[in-house]
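# Residue-level structural notes
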Amino acid sequence: MGNRLSKIATRTGDNGSTGLGDGSRVAKDSLRVHAMGDVDELNSHIGLLLCEELPPALREELISIQHDLFDLGGELCIPGYTLITDTHVARLDGLLEKYNADLPPLKDFILPAGARSAALAHVCRTICRRAERSIVSLGNSETINDNPRRYTNRLSDLMFVLSRVLNRFAGGSDVLWEKDRKRDAQGQPGETTPG
């Protein structure tokens, strides 16, 4: 692996193909490469979220998730290989339970807003949903393991919960969608209808 990483510009992809971990080559716009790219993008955005002030335990948990996502990308890169297991999914279930326990029940939809860290968690959530859709598309075309799909499904739920946690950590709360909020012709907020 060290030799592969020492030369970044190989020029072998100039023809629109890329090499997979098993040595085969596929088109850069293949379903597998789309899924790998979406997982990579998600991992990068979690890295951006880690630049924010976060509770120390959550910081460590997000770093572990970044390692999981690297493994997930590795699994997608090697057809037929398994790296993401039931244990990975169960760990996310545990984090969901932990972080959701102290949150008030939602009675309204919330906007992807509030503290910068919370907004970044929402960005991670939406990219994770895209990664999940890419993995589903790949699974409809080729045989892949279930756990990458299950993992991204849980992780997007966790990112939603974490956005709520991070708004509170920053001293705020959920930013609620106001269905009766009036807007003038230029899209500016107006009066909220009583009720």
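Per an unreviewed UniProt entry, the recorded name for the chain is Cobalamin adenosyltransferase, and the organism is Noviherbaspirillum aridicola. Taken from UniProt, the Sequence similarities (unreviewed entry) comment for the chain reads in full: "Belongs to the Cob(I)alamin adenosyltransferase family." Turning to the chain, the UniProt annotation filed under Catalytic activity (unreviewed entry) states: "2 cob(II)alamin + AH2 + 2 ATP = 2 adenosylcob(III)alamin + 2 triphosphate + A + 2 H(+)".

### Here we look at the pattern of salt bridges
All told, the structure shown has 14 salt bridges when counted by the stated rule. The partner of glutamate 61 in a salt bridge is lysine 98, with the nearest N and O atoms 2.7 Å apart. Residue glutamate 61 is located in helix α3 (residues 56–77), and its partner lysine 98 is located in helix α4 (residues 86–100); the two are separated by 37 residues in the primary sequence. A salt bridge links arginine 129 to glutamate 132; the shortest N-O distance between them is 2.7 Å. Taken together, the residues span about one helical turn, with arginine 129 and glutamate 132 both in helix α5 (residues 116–141) at a distance of three residues.

### Considering the side chain of asparagine 147
Within the secondary structure, asparagine 147 sits in helix α6 (residues 147–169). At 3.2 Å, the side chain of asparagine 147 forms a polar contact with the side chain of aspartate 86. A polar atom in the side chain of asparagine 147 sits 2.5 Å from the side chain of arginine 150. For asparagine 147, the contacting residues outside a window of four places in its chain are Ile84, Thr85, Asp86 and Val89.

Rules used throughout
- Residues numbered from 1 in each chain as written.
- Predicted model: local features only at pLDDT ≥ 70, side-chain atom pairs only at ≥ 80, totals over all residues.
- Heavy atoms only, no water.
- UniProt positions renumbered as here; feature names shortened; annotations may be inferred.
- Salt bridge = Lys/Arg side-chain N within 4 Å of Asp/Glu carboxyl O.
- Helix = DSSP H or I, 4+ residues; strand = E, 2+ residues; numbered from the N terminus.
- Polar contact = N/O pair within 3.5 Å; in protein donor to acceptor, adjacent residues only side chain to side chain.
- Contact = heavy atoms within 4.5 Å.

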